[in-house]
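Each chain, written out:
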Amino acid sequence: MKVLVPVKRVIDYNVKVRVKADGSGVDLANVKMSMNPFDEIAVEEAIRLKEAGKAEEVVVVSIGVKQAQETLRTALAMGADRAILVVAADDVHTDIEPLAVAKILKGVIDEEQPGLVIAGKQAIDNDMNATGQMLSALLGWSQATFASEVDIDGDTAVVTREVDGGLQTIKVKMPTIVTADLRLNEPRYASLPNIMKAKKKPLDEKTAADYGVDVSPRLEIVKTTEPEARQAGEIVGSVDELVAKLKEKGVV
Amino acid sequence: MAVLLLAEVTDGALALDATAKAVTAAKALGDVTALCVGASAADAGAEAAKIDGVAKVLVAEDASLGHRLAEPTAALIASLAGDYDHIVAPATTDAKNIMPRVAALLDVMVISDVSGVVDGDTFERPVYAGNAIQTVKSKDGKKVITFRTSSFDAAGEGGVASVETATVGASEGLSEWVEDKVAASDRPELTSAGIVVSGGRGVGSEEDFKIIEALADKLGAAVGASRAAVDSGFAPNDWQVGQTGKVVAPELYVAVGISGAIQHLAGMKDSKIIVAINKDEEAPIFQVADFGLVADLFEAVPELTEKLG
């Protein structure tokens, strides 16, 4: 079985996000970028399937600016076999919407015919939480989102999902789309020798036009603003003082 | 303008709080039809009909819709979509699973986690873990939206909507439900609780999380946790408050042993009053807290539990 993993290049999760003063967006110039953390978990899961003998090949795909090939090299260094970069934007500030990403991925999947797609549940930049579900709809496949455990058994997969109030286990027909939640696994760090090896692994470059997909956005970004800041309050000296303050506010 | 709202129904029962909050957001867009889906959903439909602002209720009952699996539920909603300009739901994990699939079936972009309605085409939503608020204007003919429930007050009761039955198509049987593992608890639900007490890495162990739970039980509060506490195995994932967990906005939020990472703040900074208890006076949580107590939580929390109530 071939496993396909889409990965996104996003602002590093440790970087403080700065909203541009003119309201046009978030400043991404000269900011550290990394692989979306949920996508790292997806890559890790795919590699573990290969190590367990349940998958033969792990193909990673990124859609966005040319620089996303760094993200793909990271996935290759972790252990993916092959990468496909679909260049769909020139400016690092252009975010390709999940619907367009899903359409391009459908094109890639039509060519590659994977038996399983594992995606991150959400990108930490646009926080849409949509690409996996949309791709599944376009393919007419089953979907198993927010996964914390995946067990592939022939032509079905049993997936435990993180849902409100606890966990849900479902059984889905293969091929399927799984989206990874936090507790699915802990991604490995790439070793230096593997980083060197990754440089020689195949990376194909394509464009959105190769798949006949129009990537123009459906949502026009009118403006981007800072959220209302909260003011720091007061430091109380004791538990008694805290209890008195809370009673004064009428919340306890 | 007509709005189809996917009511939150769990095992045949209406989740009133989440649904009523989404109704408040949806009312601004047009006449609201609440869709109740499940293996049994008639009781939920009767409940939904009483929500102020619901003009009509559609009940869709079929064995294939039990547990609201994404594939048949999205197919049903897409089949009903013709009559509506907006198709909306509260941003629960169920809706986050279903609504993007609906949007793709209709060839439109989903607008997730909307925190404000500007007009019928224009919406505000948090991005970058709530570190920025984006205003987006949809060019799509139909809008598929999930509403962040913590941003809206629940609509009241007193409505008398008519209830009709929706036709359910055949299921493709792509997936089947196996089991739910729901933590049995007498505590209020995290996203609708009036008070939330959360513990972080500073609590130190699953065992010591009991002091957080004791304070919560004294206050009739829900229990939350930071991602660090969940990652460390001190608390289950469905307690997680933050960008990658639940977003809450209670009257009172008590953060214990939580440093206040950006990702946690994203999930609780809209709370009305925030209390922080942490031994590190430099912890960023104090910058957003209304009342801060610099103290050892193992002394302060039991004392607080004892002195409250």
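About the cut-offs
- Residues numbered from 1 in each chain as written.
- Chains lettered and ligands numbered in written order.
- Predicted model: local features only at pLDDT ≥ 70, side-chain atom pairs only at ≥ 80, totals over all residues.
- Heavy atoms only, no water.
- UniProt positions renumbered as here; feature names shortened; annotations may be inferred.
- Helix = DSSP H or I, 4+ residues; strand = E, 2+ residues; numbered from the N terminus.
- 1 Å grid on protein atoms, 1.4 Å probe; cavity = no way out; pocket = protein on both sides within 12 Å on 5 of 7 lines; lining within 4 Å.
- Points joined across faces, edges and corners; volume = space filled by probe spheres on them.
- Nonpolar A, V, L, I, M, F, W, Y, C, P; charged D, E, K, R; others polar.

- For chain B, the name recorded in an unreviewed UniProt entry is Electron transfer flavoprotein subunit alpha/FixB family protein, with Thalassovita aquimarina as its organism.
- You can read under Sequence similarities (unreviewed entry) in the UniProt record for chain B the words "Belongs to the ETF alpha-subunit/FixB family."

- Under an unreviewed UniProt entry, chain A has the name Electron transfer flavoprotein subunit beta and belongs to Thalassovita aquimarina.
- The record in UniProt for chain A states the following under Sequence similarities (unreviewed entry): "Belongs to the ETF beta-subunit/FixA family."

**Side note on the UniProt feature "domain: Electron transfer flavoprotein alpha/beta-subunit N-terminal" (unreviewed entry) in chain B**
Part 1 of the reasoning: In the numbering used here, UniProt assigns the feature "domain: Electron transfer flavoprotein alpha/beta-subunit N-terminal" (unreviewed entry) to residues 3-181 of chain B.
Part 2 of the reasoning: Across residues 3-181 of chain B one finds 24% helix and 36% strand; the C-alpha atoms that close the span lie 33 Å apart.

**Quick look at empty space enclosed by the protein**
Part 1 of the reasoning: The final tally for this structure, using the stated rule, is 2 cavities of 30 Å³ or more.
Part 2 of the reasoning: In this structure, the largest cavity occupies an estimated 70 Å³ of space.
Part 3 of the reasoning: In terms of lining, the largest cavity is formed by Gln122(A), Asp127(A), Met128(A), Asn129(A), Ala95(B), Lys96(B), Pro100(B), Val110(B), Ser112(B), Asp113(B) and Thr146(B).
Part 4 of the reasoning: Listed by contribution, the elements that provide at least two residues to the lining of the largest cavity are helix H4 (93-105) and strand S7 (110-114) of chain B.
Part 5 of the reasoning: Of the residues belonging to the lining of the largest cavity, the class tally is 4 nonpolar, 4 polar and 3 charged.
Part 6 of the reasoning: Estimated volume of the second largest cavity: approximately 60 Å³.
Part 7 of the reasoning: Around the second largest cavity sit Gln143(A), Arg161(A), Gln168(A), Ile170(A), His67(B), Arg68(B), Leu69(B), Ala70(B), Glu71(B), Asp94(B), Asn97(B) and Ser175(B), which together line it.
Part 8 of the reasoning: Contributions of two or more residues to the lining of the second largest cavity are made by strand S9 (166-173) of chain A together with helix H3 (70-80) and H4 of chain B.
Part 9 of the reasoning: Of the residues in the lining of the second largest cavity, the class split is 3 nonpolar, 5 polar and 4 charged.

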